[in-house]
Amino acid sequence: MKIAYILFDEITLLDFIGFYDPIKNIKTKGFMENLNWDLCATKKSIKDSFGMEIIVDKIKPHLSDYDMIVVPGGYGTRKLQYNTEFIEWLRTGENAHYIISICTGSLLIGAAGFLKNKIATTNFNEYKSLEKYCGKVAQVRIVDDNNTITAGAVASSLDLGLYVTEKLIGKEKTEEIRIGMDYHPEKFEIMTV
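Criteria and cut-off values
Residues numbered from 1 in each chain as written. Predicted model: local features only at pLDDT ≥ 70, side-chain atom pairs only at ≥ 80, totals over all residues. Heavy atoms only, no water. Helix = DSSP H or I, 4+ residues; strand = E, 2+ residues; numbered from the N terminus. Contact = heavy atoms within 4.5 Å. Buried < 20%, exposed > 50% of the residue type's maximum accessible area, 1.4 Å probe, protein only. Polar contact = N/O pair within 3.5 Å; in protein donor to acceptor, adjacent residues only side chain to side chain. Expected span 1.5 Å × (residues − 1).

## A few points about the environment of P22
Now for step 1: Considering the arrangement of structural elements, one finds P22 in helix α1 (residues 13–28).
Now for step 2: When the C-alpha positions of P22 and L160 are compared, they lie 9.2 Å apart, and in sequence the two are 138 residues distant.
Now for step 3: Once residues within four sequence positions are removed from consideration, P22 is found in contact with L158, G161, L162, T165, I177 and M181.

## Points about the side chain of S157
Now for step 1: Of note, S157 is situated in helix α6 (residues 156–169).
Now for step 2: With a relative accessible area of 1%, S157 lands in the buried category.
Now for step 3: One polar contact links the side chain of S157 to the main-chain carbonyl oxygen of L14, over a distance of 3.1 Å.
Now for step 4: Here V154 takes part through its backbone oxygen, which lies 2.9 Å from a polar atom of the side chain of S157.
Now for step 5: Among residues more than four places away in sequence, those in contact with S157 are L14, D15, G18, F19 and I102.

## Digging into the side chain of T77
Now for step 1: Turning to its location among the elements, T77 is positioned in helix α2 (residues 76–80).
Now for step 2: Judged by relative accessible area, which is 0%, T77 ranks as buried.

## Regarding α6
Now for step 1: End to end, α6 covers 20 Å across 14 residues, agreeing with the expected 20 Å (1.5 Å per residue, within 8%).
Now for step 2: By the criterion of burial, α6 is predominantly enclosed, with 11 of the 14 residues buried.
Now for step 3: Residues of α6 that are buried: S156, S157, D159, L160, G161, L162, Y163, V164, T165, L168 and I169.
Now for step 4: Following α6 by one or two positions, G170 adopts a phi angle in the positive range, close to 95 degrees.

## Quick look at unusual backbone geometry
Now for step 1: A positive phi angle, near 45 degrees, is found at K60, a position not held by glycine.
Now for step 2: As for its position among the elements, K60 is in the loop between β5 (58–59) and β6 (68–71).

So, in structure tokens, the structure goes:
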């Protein structure tokens, strides 16, 4: 399993890290040794809205080499959804088994055409913006429409990470990861299509 984390300027880092943390535990606990990932962007480093910089692993790799594409949100998505070069690059991942977004990352996978005729969610402030990209906007925390998985606002990133972890390695091992994180989520709604 090979994951591409799509990073960009003005990212919300908790969207990325909240998802990344439970997923990386799949590998660190030895549950899936062939799990690998790359931090991918259109340039060598990106900065969040407050100037924190991340050095990436790969600059514009062809995303067809990945099994999972993960697109976090952040203020940068508002402009990037109209950036033809970025969206064309994102489209190279169209055949990934899992296409995942957190928060307004759904605007980017939507602009790439990955949400056409699908049900999706996003940050509650951007439901209207998402409508043009998908079949229906669901006002729930996580939507899984045939392995195109979208999540709501920033705090949903941890829940999404655990949800995807369970899809990959099952409930029992995911519970071990959750306990190790000392994370106790409230009950929330997941829509599976």
